[in-house]
Amino acid sequence: MVEATVIIPNLNGMPYLEGCLSSLERQTVKNFDVLLLDNGSEDGSPEYVRDHFPQVRLHRYTDNTGFCHAVNAGIRMSDAPYVILLNNDTVCDERLVEELLKGIKEHHNSFSGQAKMLQMKKPELLDDGGDYYCALGWAFAAGKGKKDRGGGKDKKIFSSCGGAAIYRRKALEQIGLFDEKHFAYLEDVDLGYRARIAGYENWYLPKAVVYHAGSATSGSAYNEFKVRHTSRNSVYLIMKNMPWPQILLNFPFLMAGYVIKMVFFARKGFFRQYVTGIRKGIFLAQKEDKVVFEKKNFKNYVKIQMELWFNMIRRIGDF
């Protein structure tokens, strides 16, 4: 049995697949398999994978079922003890799989481990050095756009970016898979948040490296689809994971965060999409979606809250 399954969701990713899949062939370890979930691509990429990478397991959907659905299907198709999620617009360092497996095994209480993501066009710059979440209701990538100083030690993060991360199957079976209501965006923060509530840890593993093109599927840093879904999911994330007393505690910070973002996106020409997303997010969460508060996890909520405040100060300091 393989030790890990690399799961790659794909939607019209033809320009990137050769680089991504070839880099997986060059890995220093071979105890893994690769599963590509195609979400209704119309650019010939499924046929390309079938013809040029026959060792890759290929599963096709006729329509775009969303990132979360595709990834969940891939997790269920695998029986490996670890699953590695990888964006189709990445090129992997040859030690990626080896370092991800090593890292998650070393941190015994870990739920996930994220690779260092460097910008493909400017590999001297970080694309994502670990994901964080703050009391303003913002998720952000550490070090984005800053110079990579190389090396670095493993460190705890709030959640792992699903663009290049490893997950422990036993923990996934305990807390559940990706929430398919997200469809795309912030689903990895939600998953990491639920793991944190349950007492698990998420780690940044800088010895595992990928090069990331970024916005390959959505097409740009900001577009109507991305703004609408991100704002919707940011509200859903709060309504789902925070107990009501914690929402009230953070309410002034959350309102400030949403007003700042509203002004930001208004200047970008996406005011209507942002507000529409917020409105939909408020009504998206149903009673059955809410993470049930358990007294045994109270200390985890307190720890998370401290991080939300600390991360808010940290994020403001980056401006």
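Quantities reported herein were computed from a predicted structural model and do not represent experimental measurements.

**Student:** Sorry if this is basic, but what is going on with the side chain of asparagine 300 here?
**Tutor:** Position of asparagine 300 relative to the elements: it lies in helix α10 (residues 298-318). Separated by 2.9 Å, the side chain of asparagine 300 and the backbone oxygen of isoleucine 197 make a polar contact. Once residues lying within four places of it in the same chain are set aside, the contact partners of asparagine 300 are Arg196, Ile197, Ala198 and Gly199.

**Student:** Help me understand the environment of valine 49 in this model?
**Tutor:** Take valine 49: it is sitting in helix α2 (residues 45-52). Given a relative accessible area of 1%, valine 49 falls into the buried group. Along the chain, valine 49 and leucine 172 lie 123 residues apart, while their C-alpha atoms are 28 Å from each other. Apart from residues lying up to four places away in sequence, valine 49 is in contact with Leu17, Leu21, Leu36, Pro54 and Val56.

**Student:** Would you explain the packing of helix α8 (residues 244-268) against helix α9 (residues 271-284) in this entry?
**Tutor:** Any two packed helices are characterised by the angle at which their axes cross and by the distance between the axes. Contact geometry of α8 with α9 gives a least axis separation of 7 Å together with a crossing angle of 145°. Facing α8, whose interface residues are Tyr258, Lys261, Met262, Phe265 and Ala266, α9 presents Phe271, Tyr274, Val275 and Ile278. Here the residues of the contact of α8 with α9 are counted per class, giving eight nonpolar, no polar and one charged.

**Student:** Sorry, what's going on with the packing of helix α1 (residues 14-25) against α2 here?
**Tutor:** For the pair α1 and α2, the least separation of the axes is 9 Å and the interaxial angle reads 25°. What the angle tells us is that α1 and α2 run roughly parallel. When the axes of α1 and α2 are compared, the crossing they make is right-handed. Counting all contacts with α1, which are made through Met14, Leu17, Glu18 and Leu21, the residues of α2 involved are Ser45, Tyr48 and Val49. Here the contact of α1 with α2 is composed, by residue class, of five nonpolar, one polar and one charged.

**Student:** Can you walk me through the nonpolar core in this structure?
**Tutor:** Membership of the largest hydrophobic core comes to 34 residues, with the highest contact counts inside it found for Tyr133, Phe158, Tyr193, Ile238, Met242 and Leu308. When contributions to this core are tallied by element, the ones reaching two or more residues are β8 (131-133), α6 (187-197), β12 (201-212), α7 (224-241), α8, α9 and α10. In contact with methionine 242, not counting residues within four places along its chain, are Tyr133, Tyr193, Ile247, Asn250, Lys290 and Leu308. Core analysis: the next-biggest nonpolar cluster, separate from the first, contains 33 residues, Ala4, Ile8, Leu101 and Cys161 among them.

**Student:** It is not clear to me how the pairing of strand β11 (residues 164-168) should be interpreted in this structure. Could you clarify?
**Tutor:** Working note: regular strand, side chains alternate between the two faces of the sheet. The element β11 is extensively covered by neighbouring structure, given that five of its five residues are classed as buried. Neither face of β11 is open: one carries Ala164, Ile166 and Arg168, the other Ala165 and Tyr167, and all of them are buried. Sheet topology places strand β4 (residues 82-86) next to β11; five bridges connect them, and they run antiparallel. Each bridged residue has a counterpart across the sheet, and for leucine 85 the counterpart in β11 is alanine 165. Where strand β6 (residues 110-119) and β11 come together, three bridges link them in antiparallel fashion. Bridge pairing in β11 links glycine 113 to isoleucine 166.

**Student:** Got a minute to help me understand the pattern of salt bridges in this structure?
**Tutor:** Any two side chains of opposite charge can pair, so long as their charged atoms come close to each other. Under the defined criterion, the tally for this structure stands at 15 salt bridges. For aspartate 33, the salt bridge identified is with arginine 57, shortest N-O distance 3.0 Å. Residue aspartate 33 is found in strand β2 (residues 32-39), and its partner arginine 57 is found in strand β3 (residues 57-61); the two are separated by 24 residues along the sequence. When the shortest N-O distance is used, the salt bridge between glutamate 47 and arginine 60 registers 3.1 Å. Of this pair, glutamate 47 sits in helix α2 while arginine 60 sits in strand β3, placing them 13 residues apart in sequence. On the accessibility criterion, glutamate 47 (28% relative accessible area) is partly exposed. Salt bridges linked by common partners bring Asp179, Asp190, Arg194 and Lys240 together as one network.

Conventions and cut-offs
- Residues numbered from 1 in each chain as written.
- Predicted model: local features only at pLDDT ≥ 70, side-chain atom pairs only at ≥ 80, totals over all residues.
- Heavy atoms only, no water.
- Helix = DSSP H or I, 4+ residues; strand = E, 2+ residues; numbered from the N terminus.
- Polar contact = N/O pair within 3.5 Å; in protein donor to acceptor, adjacent residues only side chain to side chain.
- Contact = heavy atoms within 4.5 Å.
- Buried < 20%, exposed > 50% of the residue type's maximum accessible area, 1.4 Å probe, protein only.
- Axes fitted to C-alpha atoms, helices over the stretch in contact; angles between N-to-C directions.
- Nonpolar A, V, L, I, M, F, W, Y, C, P; charged D, E, K, R; others polar.
- Parallel < 35°, antiparallel > 145°, perpendicular 65-115°, else oblique.
- Left-handed = near helix turned anticlockwise from the far one by under 90°.
- Core = buried A, V, L, I, M, F, W, Y, C linked by side-chain atoms within 4.5 Å.
- Pairing = 2+ DSSP bridges.
- Salt bridge = Lys/Arg side-chain N within 4 Å of Asp/Glu carboxyl O.

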